[in-house]
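Listed below are the residues making up each chain.
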Amino acid sequence: MVMPQIKEADVPDMPPQSDNAVVARGISKTYGSVEALRDLSLEFPRGQLTSLLGPSGCGKTTLLKIIAGLLKPNSGEIEVNGKPVKGPGPDRAFVFQDFALMPWANVLRNVAFGLELRGVATSEREAIAEKYIAEVGLAGFEKSYPHQLSGGMRQRVGLARALSVDADVLLMDEPFSAVDEQTRRKFQEDLLNLVQNENKTFIFVTHSIEEAVYVSDQIAILLPRPSRVSEIIRPTDLRHKNVDNIRRDPEYLDIVDSIWASLRSYVE
Amino acid sequence: MMRRSLWLKIVSAVVLFGAWQIAGMIPVSYAFPTFFESMAALIRMAGDGTLLTAYIETLRPLVVGVGISAFLGIGLGLWIGLSAKFDWLFSPIFIVMQAAPLAALIPLLVMAYGIGLTSKVFVVCIMAMPVIVLNTASAVRNTPASLKEMGRSFMASDTKIMLRIIIPAASPVIFSGLRLGVSAGFIGAILAELKITPTGVGDIITYSRSIADYPAMYAAIFSIILLAVLFLNFLERLEVYLFEGNVRGYASD
Ligand SMILES: Nc1ncnc2c1ncn2[C@@H]1O[C@H](COP(=O)(O)OP(=O)(O)OP(=O)(O)O)[C@@H](O)[C@H]1O
Ligand SMILES: [Mg+2]
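Here the structure is a predicted model, which means the values were calculated and not measured. (Residues numbered from 1 in each chain as written. Chains lettered and ligands numbered in written order. Predicted model: local features only at pLDDT ≥ 70, side-chain atom pairs only at ≥ 80, totals over all residues. Heavy atoms only, no water.)

**Some words on the interface of chain A and chain B**
- Contacts between the two partners involve 28 residues from chain A and, on the opposite side, 23 residues from chain B.
- For the pair chain A and chain B, the two sides together bury roughly 2,400 Å², of which 64% comes from carbon and sulfur.
- In this structure, the connection of chain A to chain B is made through two salt bridges.
- Among the salt bridges present, the one from B:Arg164 reaches A:Glu116, with a minimum N-O distance of 2.9 Å.
- Counting across the interface, chain A meets chain B through five residue pairs in polar contact (both at pLDDT 80 or more).
- Where the side of chain A that touches chain B is concerned, the elements lending two or more residues are β7 (92-95), α2 (107-117) and α4 (151-164) of chain A.
- The element that contributes the greatest number of residues to the side of chain A that touches chain B is α2(A), accounting for five residues.
- Considered class by class, the residues forming the side of chain A that touches chain B number 15 nonpolar, five polar and eight charged. (Contact = heavy atoms within 4.5 Å. Buried area = accessible area lost by both parts, 1.4 Å probe. Salt bridge = Lys/Arg side-chain N within 4 Å of Asp/Glu carboxyl O. Polar contact = N/O pair within 3.5 Å; in protein donor to acceptor, adjacent residues only side chain to side chain. Helix = DSSP H or I, 4+ residues; strand = E, 2+ residues; numbered from the N terminus. Nonpolar A, V, L, I, M, F, W, Y, C, P; charged D, E, K, R; others polar.)

**Describing the domain arrangement of chain A**
Residue and element names in this part refer to chain A.
- When cut into domains, chain A gives domain 1 (20-91 + 168-268) and domain 2 (99-166).
- The straight-line distance from the C-alpha centre of domain 1 to that of domain 2 is 25 Å.
- A combined buried area of about 970 Å² lies between domain 1 and domain 2, and 61% of that area is made up of carbon and sulfur atoms.
- Connecting domain 1 to domain 2 are two salt bridges.
- Of the charged contacts in the structure, one is a salt bridge between arginine 156 and aspartate 190, with a shortest N-O distance of 3.9 Å. (Domains from an automatic or database assignment.)

**So, the pattern of salt bridges**
- As enumerated under the stated definition, the model contains 18 salt bridges over all chains in all.
- Each of the salt bridges in this network shares a partner with another, and the network as a whole consists of A:Arg25, A:Glu77 and A:Glu79.

**A few points about the sheet that holds strand β5 (residues 75-80) of chain A**
Residues and elements named next belong to chain A.
- Taken in spatial order, the four strands of this open sheet run β3-β2-β5-β6, and their pairing is antiparallel. Of all strands in the sheet, those bounded by a partner on one side alone are β3 (34-45) and β6 (83-84).
- Examined bridge by bridge, strand β2 (residues 20-31) and β5 share five bridges and lie antiparallel to one another. Within the sheet, the bridge partner assigned to alanine 24 lies in β5 and is isoleucine 78.
- In the packing of helix α1 (residues 60-68) onto the sheet, the strands contacted are β2, β3 and β5, and the crossing angle to β3 comes to about 60°. (Pairing = 2+ DSSP bridges. Axes fitted to C-alpha atoms, helices over the stretch in contact; angles between N-to-C directions.)

**A short note on the site of ligand 1**
Residue and element names in this part refer to chain A.
- Around ligand 1, the neighbouring residues are Tyr31, Ala36, Ser56, Gly57, Cys58, Gly59, Lys60, Thr61, Thr62, Glu174, His207 and Arg225.
- Contact distances for ligand 1 include 2.9 Å between an oxygen atom and a backbone N or O atom of glycine 59.
- With respect to ligand 1, the side chain of histidine 207 contributes an N or O atom lying 2.8 Å from an oxygen atom.
- Burial of ligand 1 by the protein amounts to 63% of the accessible area it has alone, namely 630 Å². (Near = heavy atom within 4 Å. Areas by Shrake-Rupley, 256 points an atom, 1.4 Å probe, with all protein chains shown as cover.)

**Focus: the packing of aromatic side chains**
- Taken as a whole, this structure holds 15 aromatic pairs over all chains when the rule is applied.
- Pairing B:Phe17 with B:Phe35 gives two aromatic rings, centres 4.5 Å apart and planes at 10°, and the pair type is stacked. Of this pair, B:Phe17 sits in helix α1 (residues 2-25) while B:Phe35 sits in helix α2 (residues 35-47), and the two are 18 residues apart along the sequence.
- Between B:Tyr113 and B:Phe122, the aromatic rings sit 4.6 Å apart at their centres with planes inclined by 15°, giving stacked as the arrangement.
- Taking relative accessible area as the criterion, B:Tyr113 reaches 41% and is therefore assigned partly exposed.
- Residue B:Phe122 is classed as partly exposed on the basis of its relative accessible area of 31%.
- Three or more aromatic residues link up through ring pairs in this structure, and these residues are B:Phe17, B:Trp20, B:Phe32, B:Phe35, B:Phe36, B:Tyr218 and B:Phe222.
- The ring of A:Tyr31 carries the charged tip of A:Lys29 above its face, separated from the ring centre by 5.5 Å. (Phe/Tyr/Trp six-rings, centres within 6.5 Å; stacked < 30°, edge-to-face > 60°. Buried < 20%, exposed > 50% of the residue type's maximum accessible area, 1.4 Å probe, protein only. Lys NZ or Arg CZ within 6 Å of the ring centre and 35° of its normal.)

**So, the pairing of strand β8 (residues 169-173) of chain A**
Residues and elements named next belong to chain A.
- Buried residues dominate β8, accounting for five of its five residues.
- Alignment of β7 against β8, held across four bridges, turns out to be parallel. Among the inter-strand pairings, phenylalanine 94 is bridged to a residue of β8, identified as leucine 171.
- You can see the chain leave β8, run along helix α5 (residues 181-197) and come back into strand β9 (residues 201-206), and the turn it takes is right-handed. (Right-handed = clockwise from strand over helix to strand, strands pointing away.)

**Looking at a nonpolar patch on the surface**
- On the surface, a cluster of nonpolar side chains totalling about 590 Å² of accessible area is made up of B:Leu6, B:Trp7, B:Ile10, B:Val11, B:Val14 and B:Val15.
- Summarising the element assignment, B:Ile10 is placed in helix α1. (Patch = residues over 30% accessible without salt bridge, like charges linked within 9 Å, V, L, I, M, F, W, Y side chains within 5 Å.)

See the structure below:
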């Protein structure tokens, strides 16, 4: 097994070993003749946000779906809370890149849909859904249909739906890629608050180096196909700094630069 | 919005009937009555009960045929859409059925099933079913993969994914298939009465033509079109009622 080389961005000595919500061990996945992942291993510390960063087509979505139990790996194993994953489970919720909202259902029903599928009674699930709709800032839009909402609002609906099932692990596949830059920055701030306030583990796929450094406790850099983790970066110090100043912080800029330096050779 | 579309309907009806009236007054053909003559004949036939007796006769194969086509058609379509093997087995049959020249098949049907209700129901089904089956199947096949994945990620059973995701997602195309199928079924019902045995509305058409009572003939044709339009409107209402958000647009638009 190829062990990823771990590079501490700021703290020279290893942080205390935290317990992991999700562990991926030796995951390989091929689609026909395309080898997407090869022997990938990665740990996702509990209560933290881990970003998967890498060039397009390197298998980030594939890894996320394997963790979600939507895809079976050819070999290797995923453990969630110490138990091996056999399929989708109540401990994980997925936020889809294209929102995956049902156009025939209003916001309330969309947000409550995860609970509806689990057989929660109508009044109970609608109360829970309303709480999360308010939490993501969509109060007053319960009766609207998806096509009446902006892209950013639709993504909030998808987020509220994932939050409402109260899973330990939130899997987010490029959740902010379909919204404009201003909304995206707002979402990133909201996400930081979410990580702070909800006691959940976040696994976050992104294309953006800046976004990854801004929101992550841990960044896993994936190499192009067949993919493994090439580097793990922990911008630990950044997390204790004031959110408003992070983008001007020299450390932030250094980390962004060093990630770009290691990725650029694959982009050319 | 609703009001405006109602106005548009009224305007287009007035334009159509006006053109009919003018064409009848010119006249484009000796055998083409004006709109008002036809309406007078329609009222007369409605008054003396001719129309009612005719429709009792005509509606039987129509209702039975459309009913069978809708239930069997949607059921088969779902099945074909969900299973590649079934698709391979059944799709060609319906594609051939859709393309078949029905008039040429009618003598065969009469030979096999006689001139009774069965043959007429068959004609309605042959007209209505293929488009319902094929539309339903393609709609089911084209359900967005991410919606199905969403269902699975929340641990939905296959039945729930089918009932709460696939069918609602496919409903706009299923309904458009139903609308096309029902219109074709109306054509089939009249065709059956013209080609097999003149009964019901088909009898009014044949008989009034033979005695050159053209207003009555056109009144009968008009009434069947009117009934078809009313029924299609009902289908549209049903769709809005069942899947409100679908009708107004897709989130991915
Ligand atoms: N269903 C599939 N069938 C065949 N090949 C697939 C399938 N899904 C993904 N692949 C291949 O696997 C590789 C990894 O795909 P994946 O979607 O995981 O990439 P990604 O890192 O999420 O890319 P992006 O950043 O563009 O979303 C790609 O090269 C793709 O061609
Ligand atoms: Mg992807």
